[in-house]
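Spelled out, the chains give:
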Amino acid sequence: MNPYNSDKLEAAIHGVLRRLPDRKAPAGLEGRVFAELARRAALPWWRKSFSHWPSTVRMGFVAGSVLAGLLMVLGLITLSGTQSAHQVSGSIANSLAWLTFARDLVSTTEGKARILLAATPSVWLYGAVGTVAVCYAALAAIGAATYRAVTFARQAS
Amino acid sequence: MRKYQDMVFTTSVRLVRNEAQAEDIAQEVFIKAHENFEMLSTSPSAGGWLKTVATNLSLNHLQRYRKRWKFFSEFGSDSAEEDAPAVEFAAPDTFFDSVDSDERRAWVEDALSKLPDHQRIPLVLYHFEELPYDEIAGRLGVSLAKVKTDILRARAALAKILARGDASFRILAT
């Protein structure tokens, strides 16, 4: 399309679109808005967003949060220096012994996989990667085609 | 509210296309307006504020619910318009003069709604909301070149659809 036609088209489309009157809003819109406003106004303050809480409650909440945070930090510092803290950390370590076993299992499996990969011809590996990529692309294409078919069928009906 | 509800609903429905979703968005716009009532009640630009909020909420809605389907919904969708012929309007100033307002509205709105999202949305933002190309690109998160191409194709496609029903359009195959 040459620039002259493009400019003419822009001007023409702009003229047609700008002359469009507004669409009529649904008759129930006003009622819906007022009903929703009434519903929100009837909610108790603790079910509204933080900005709608009473200012005293907001200040109290912030002060309480800061205090709770400080108490938690102080408590952790105090507890970590006691004998019972060492007992607690020892019992936690015992209960998490399965993690050590899992780590050993993963590292053993990884070692075996490395040996297997080293022994496999590289052509086989490229072939496997290619097959997976083709299957993935085919799945995406089928998904896209199905989605479009369903969407357009819904829009057409 | 009565003064602006048609404008807010229209702004939203032209972007999201779905009337029920546009009504939900219009409701949210007026609830936000209620929250800012003190500022809006004395502002001469209340209409502009409502239009901007309606546009922003509509775009948020589109991005939230359609991003994940973008690939699927736009898959190959440009193919039909790749070779869009040049369109010439014989008499754009007098276009639709012989058609009454309701019929004209229905006709053009229907043509507009037939455009795919990636063409309709930038077209609406450009011609109705009067946003510049670069701002549309920024708002939609696409390149400036894509916005220009999509709007150009949208105009050509829209003219093609309108031309089917009106003799004042002449399609010049190039």
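Owing to the predicted nature of the structure, the values given are computational and were not obtained by experimental measurement.

1. Observations regarding the overall build of chain B
Secondary structure summary: chain B contains 9 helices and 2 strands in total. Each helix (α) and strand (β) of chain B, taken in turn from the N terminus, gives the series α-α-α-α-α-β-α-α-α-α-β. For chain B, long-range pairs separated by at least 24 residues make up 68% of all intrachain contacts whose partners lie at least 6 apart in sequence.

2. Observations regarding the overall build of chain A
A tally of helices and strands in chain A yields 6 helices and 0 strands. If you list the helices and strands of chain A from N to C, you get α-α-α-α-α-α. Looking at chain A residue by residue over its 157 residues, the buried ones come to 4%.

3. Describing the interface of chain A and chain B
A common measure of how large an interface is: the accessible area buried when the components associate. With 32 residues of chain A at the contact, the number on the chain B side is 34 residues. Every element with two or more residues in the side of chain A that touches chain B is listed here: α1 (3-18), α2 (29-42) and α6 (122-156) of chain A. With 13 residues, the top contributor of residues to the side of chain A that touches chain B is α1 of chain A. When its residues are assigned to classes, the side of chain A that touches chain B shows 16 nonpolar, 6 polar and 10 charged.

4. Looking at the packing of helix α7 (residues 117-127) of chain B against helix α9 (residues 144-163) of chain B
All names here are of chain B. The interhelical angle for the contact between α7 and α9, taken along N-to-C directions, is 95°, at an axis separation of 8 Å. Taken together, the axes of α7 and α9 lie roughly perpendicular to each other. Contacts between α7 and α9 pair H118, Q119, R120, P122, L123 and Y126 from the former with V147, D150, I151, R153, A154, R155 and A157 from the latter. Classifying every residue of the contact of α7 with α9 by side-chain character gives 7 nonpolar, 2 polar and 4 charged.

5. Some thoughts on the confidence of the model for chain B
All names here are of chain B. Of the residues in chain B, 72% reach a pLDDT of 70 or more, and the chain-wide mean stands at 77. Here residues 75-93 is modelled with pLDDT under 50, and outside its nearest four sequence neighbours on either side it reaches 43 contacts, counting other chains as well. Both confidence scores are given for the complex: pTM 0.61, ipTM 0.72.

6. Concerning unusual backbone geometry
Residues and elements named next belong to chain B. With phi around 75°, R17 is a residue other than glycine that occupies positive phi space. Given 21 C-beta atoms within 10 Å, R17 falls into the buried group. In this structure, E130 is a non-glycine residue whose phi angle is positive, near 55°. Among the secondary structure elements, E130 is positioned in the loop between α7 and α8 (133-140).

7. Some words on helix α2 (residues 19-35) of chain B
End to end, α2 of chain B covers 24 Å across 17 residues, agreeing with the expected 24 Å (1.5 Å per residue, within 8%). Along α2 of chain B, the residues that are buried comprise A22, I25, A26, Q27, V29, F30 and A33 of chain B.

8. Details of the nonpolar core
Buried together is how nonpolar side chains tend to be arranged in soluble globular proteins. With 40 residues, the main nonpolar core has A26, V29, A54 and L158 of chain B as its most contacted residues. Elements with a minimum of two residues in this core: α1 and α2 of chain A together with α1 (5-16), α2, α4 (46-66), α6 (101-113), α7 and α9 of chain B. If one sorts the elements of this core by residue count, α9 of chain B sits on top with 8 residues. Taken together, domain 1 (1-73) and domain 2 (78-174) of chain B each give at least three residues to this core, which thus spans both. The contact partners of L158 of chain B, leaving out residues within four places of it in the chain, are I13 of chain A together with A111, L112 and L115 of chain B.

9. Observations regarding the environment of S143 of chain B
Residue and element names in this part refer to chain B. With respect to the helices, strands and loops of the structure, S143 is situated in the loop between α8 and α9. By the C-beta count within 10 Å, which is 10 here, S143 ends up exposed. For S143 and Y133, which are 10 residues apart along the polypeptide, the C-alpha to C-alpha distance reads 9.7 Å.

Conventions and cut-offs
- Residues numbered from 1 in each chain as written.
- Chains lettered and ligands numbered in written order.
- Predicted model: local features only at pLDDT ≥ 70, side-chain atom pairs only at ≥ 80, totals over all residues.
- Helix = DSSP H or I, 4+ residues; strand = E, 2+ residues; numbered from the N terminus.
- Contact = placed C-beta atoms within 7 Å.
- Buried ≥ 20, exposed ≤ 12 C-beta atoms within 10 Å, placed from the backbone.
- Nonpolar A, V, L, I, M, F, W, Y, C, P; charged D, E, K, R; others polar.
- Axes fitted to C-alpha atoms, helices over the stretch in contact; angles between N-to-C directions.
- Parallel < 35°, antiparallel > 145°, perpendicular 65-115°, else oblique.
- pLDDT = per-residue confidence, 0-100.
- Expected span 1.5 Å × (residues − 1).
- Core = buried A, V, L, I, M, F, W, Y, C linked by C-beta atoms within 7 Å.
- Domains from an automatic or database assignment.

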